[in-house]
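# Observations on chain architecture
So you can see what is in the structure, the chains are spelled out below.
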Amino acid sequence: MERFKWECRTKVRSGEGCVAEWLAPLVSEFAPEGSNIMIGYGGGSVKKNGAYDDTVRVLESMGYSPASGDPAEGSRKIVEFSGIMSNPTLAKMLEGAELARKWNVGLIIAIGGGSVMDCCKAAAVQARYEGDAWEDFWMKGKAMTHETVPCGVIVTMPATGSEVNGCAVLTNEETRIKCDRDYPEMNPVFALMDPAYTLTMPVRQLRAGTFDILSHIMETYFSHPVCGNPADDVAEGLMKGLIRDFRAALADPQDIQARSNIMWTASLAENRIIKTGKSLDFQAHNMEHQLSAYTDCNHGEGLAVLHPVYYRHIYKDGLPKFADWARNVWGITDAEALRSEGYAEPGMSDEELLALAGIAALEELIQEAGLPSSLRELGFGDEEERLLPVIAESCFISGGAFRQLTADEILEIYEECW
Ligand code: NZQ
Ligand code: ZN
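Keep in mind it's a predicted model, so treat the numbers as computed, not measured.

A tally of helices and strands in the protein chain yields 15 helices and nine strands. By its C-alpha atoms, the protein chain is 75 × 45 × 45 Å across when sized along the principal axes. Across the 418 residues of the protein chain, 58% fall into the buried class. Residue pairs in contact within the protein chain that sit at least 24 positions apart in sequence constitute 77% of those at least 6 positions apart.

What follows deals with the pairing of strand 9 (residues 190-193). Burial along strand 9 is two-sided: the face carrying Phe190 and Leu192 and the face carrying Ala191 and Met193 are both buried. Summarising the sheet, strand 1 (residues 11-14) and strand 9 pair through four bridges and their orientation is parallel. Considered in strand 9, the bridge of Ser14 is made with Met193. Summarising the sheet, strand 6 (residues 151-155) and strand 9 pair through four bridges and their orientation is parallel. Its bridge partner being in strand 9, Gly152 is matched across the sheet by Phe190.

Each neighbour pair has its own omega, and for His224 with Pro225 the value is 0 degrees, a cis peptide bond. When you line up the elements, Pro225 lands in the loop between helix 6 (203-221) and helix 7 (230-251). Of note, the phi angle at Asn104 is positive, near 45 degrees, even though the residue is not glycine. Along the polypeptide, Asn104 turns up in the loop between helix 3 (90-102) and strand 5 (105-112). The phi angle at Arg176 is positive, at roughly 60 degrees, despite the residue not being glycine. The topology assignment puts Arg176 in the loop between strand 7 (167-172) and strand 8 (177-182).

Let us look at helix 14 (residues 382-394). In an α-helix, one turn spans 3.6 residues; hence positions three or four apart end up facing the same way. The end-to-end C-alpha distance of helix 14 is 19 Å, a good match for the 18 Å that 13 residues give at a rise of 1.5 Å each. The largest bend along helix 14 measures about 45 degrees and falls at Leu388, with the proline Pro389 one to four residues further on. Looking only at helix 14, the buried set comprises Leu388, Ile391 and Ala392. Those residues of helix 14 that are buried lie in contact with helix 9 (283-295) and helix 15 (407-417).

With that settled, the discussion passes to the environment of Thr175. Along the chain, Thr175 falls in the loop between strand 7 and strand 8. Sequence separation between Thr175 and Ala293 is 118 residues, and the spatial gap between their C-alpha atoms is 9.2 Å.

Quick look at helix 7 now. With 22 residues, helix 7 should cover 32 Å at 1.5 Å per step; its first-to-last C-alpha distance of 32 Å lies within 8% of that length. Among the residues making up helix 7, those that are buried are Ala231, Asp232, Ala235, Glu236, Leu238, Met239, Gly241, Leu242, Ile243, Asp245, Phe246 and Ala249. Contacts from the buried residues of helix 7 go to helix 6, helix 8 (256-270), helix 11 (319-328) and helix 13 (350-369).

Moving on to the nonpolar core. Inside soluble globular proteins, nonpolar side chains tend to come together where they are buried. The biggest cluster of nonpolar side chains holds 76 residues, and the ones touching the most others in it are Phe322, Trp325 and Tyr414. In terms of residue count, helix 13 provides more of this core than any other element does, 10 residues in total. Contact partners of Tyr414, with chain neighbours within four places excluded, come to Met287, Gln290, Leu291, Leu306, Leu375, Leu388, Ile391, Ala392 and Cys395. One finds Leu90, Cys151, Ala168 and Cys179 within the second-largest nonpolar core, a separate group that totals 40 residues.

Attention now goes to the sheet that holds strand 5. A sheet is described by the order of its strands in space; here seven strands give the open sequence 1-9-6-5-2-4-3, paired in parallel fashion. Edge positions in the sheet fall to strand 1 and strand 3 (65-66), since each of these pairs with one other strand and no more. Each of strand 1, strand 2 (36-40), strand 5, strand 6 and strand 9 is contacted by helix 1 (residues 18-30), which is oriented at about 170 degrees to strand 9, the strand it contacts most.

Definitions and limits used
Residues numbered from 1 in each chain as written. Chains lettered and ligands numbered in written order. Predicted model: local features only at pLDDT ≥ 70, side-chain atom pairs only at ≥ 80, totals over all residues. Heavy atoms only, no water. Helix = DSSP H or I, 4+ residues; strand = E, 2+ residues; numbered from the N terminus. Buried < 20%, exposed > 50% of the residue type's maximum accessible area, 1.4 Å probe, protein only. Contact = heavy atoms within 4.5 Å. Pairing = 2+ DSSP bridges. Expected span 1.5 Å × (residues − 1). Bend = angle between axes of the 7 residues up to and from the residue. Core = buried A, V, L, I, M, F, W, Y, C linked by side-chain atoms within 4.5 Å. Axes fitted to C-alpha atoms, helices over the stretch in contact; angles between N-to-C directions.

As structure tokens, this is what we get:
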């Protein structure tokens, strides 16, 4: 195992009704006297699943009231930061930071999925920073030493794990760079996770979000060290459970047990526990982020298209881990049977056979779930195809992958995904 530092300051409260039960004490703990609260949300789904009403009800019971036009009107106001889009932009984050500054906001509450959480977490950083947070933190990765506005989250869509980590992903529309950064200082101070809010998610988001969770675990697992270690032991269990719960939720979208399990798995995948001692790949994420920066495609769907093709490119560089994955996650153990079914090419080792069968099982899950498996299915057309060389050139290269890709190989992968 590599040396590691682990921390997660986020207070998690989970279960149906957790906002009514826990929001008030958490607000009392984190919102300074004499300040206002900003609630951030997206395009309106939170008004249909009850999360918005539950939040406002609690805040009003504590003496908070809706802000009107004048920031000088006093404290205990609820300031609304709405319309946060999927794949949030730097411009939207700056809007939130400005609003927070103008209204003397002492606590930000993000209500929604990863996009809303990320945008609010980043706005909480910029709101108290005199410099250019995008340039200094996202681009240069400088140490974050200033005090940020505390940010709590109310999750309505499990996927990114943003509720328990310090990561925020923003898209700079001018430079066409989508960039993630993970600072412990950006961890939410609390996360309220009521699985009932997720029942209104369209099946498309259920598929995409759950695949994103699986991707986070795989991107962590497929990195050094390849020998057995506690982080990978946990990761294997999470992957097996997630595949089970994914199938259950697709079969019955109202299955609250499956929804609860998926919600917590998203957090366990990203609270850094399974990252302890691992080098971390996340090259599929880097390739997806740039596809998204140029085309605004859906994050989880983009990952579903990329993963099998990417893994066929690199499996030989991390062969023991790919074979373990086939055995321990997919239950594929009998290389001889695969050989007799005609899977093997001349000279192929048992480990290679198992690894490739594991990747094929992943591909089958993607198809079974109804996720896209090509860039065309993702909605790309001739114009996007022309952009692929530029997009490939713009990708960050992961230093923790089994093998570092070149821009040429990324282009090959994109073309194979076509
Ligand atoms: O805008 P609203 O109306 O809220 O609708 C959202 C949005 O359209 C909807 N939704 C959310 N909860 C719902 C719901 N609709 C009905 N019922 C509900 N309960 O779902 C749509 C997608 O939401 P979004 O937040 O964009 O999805 P997701 O959670 O997948 O977040 C994607 C963003 O997170 C970044 C991605 O790159 C992308 O920008 N990531 C963030 C990470 C992190 N912070 O750790 C890591 C990830 O790898 C990822 O890169
Ligand atoms: Zn992701």
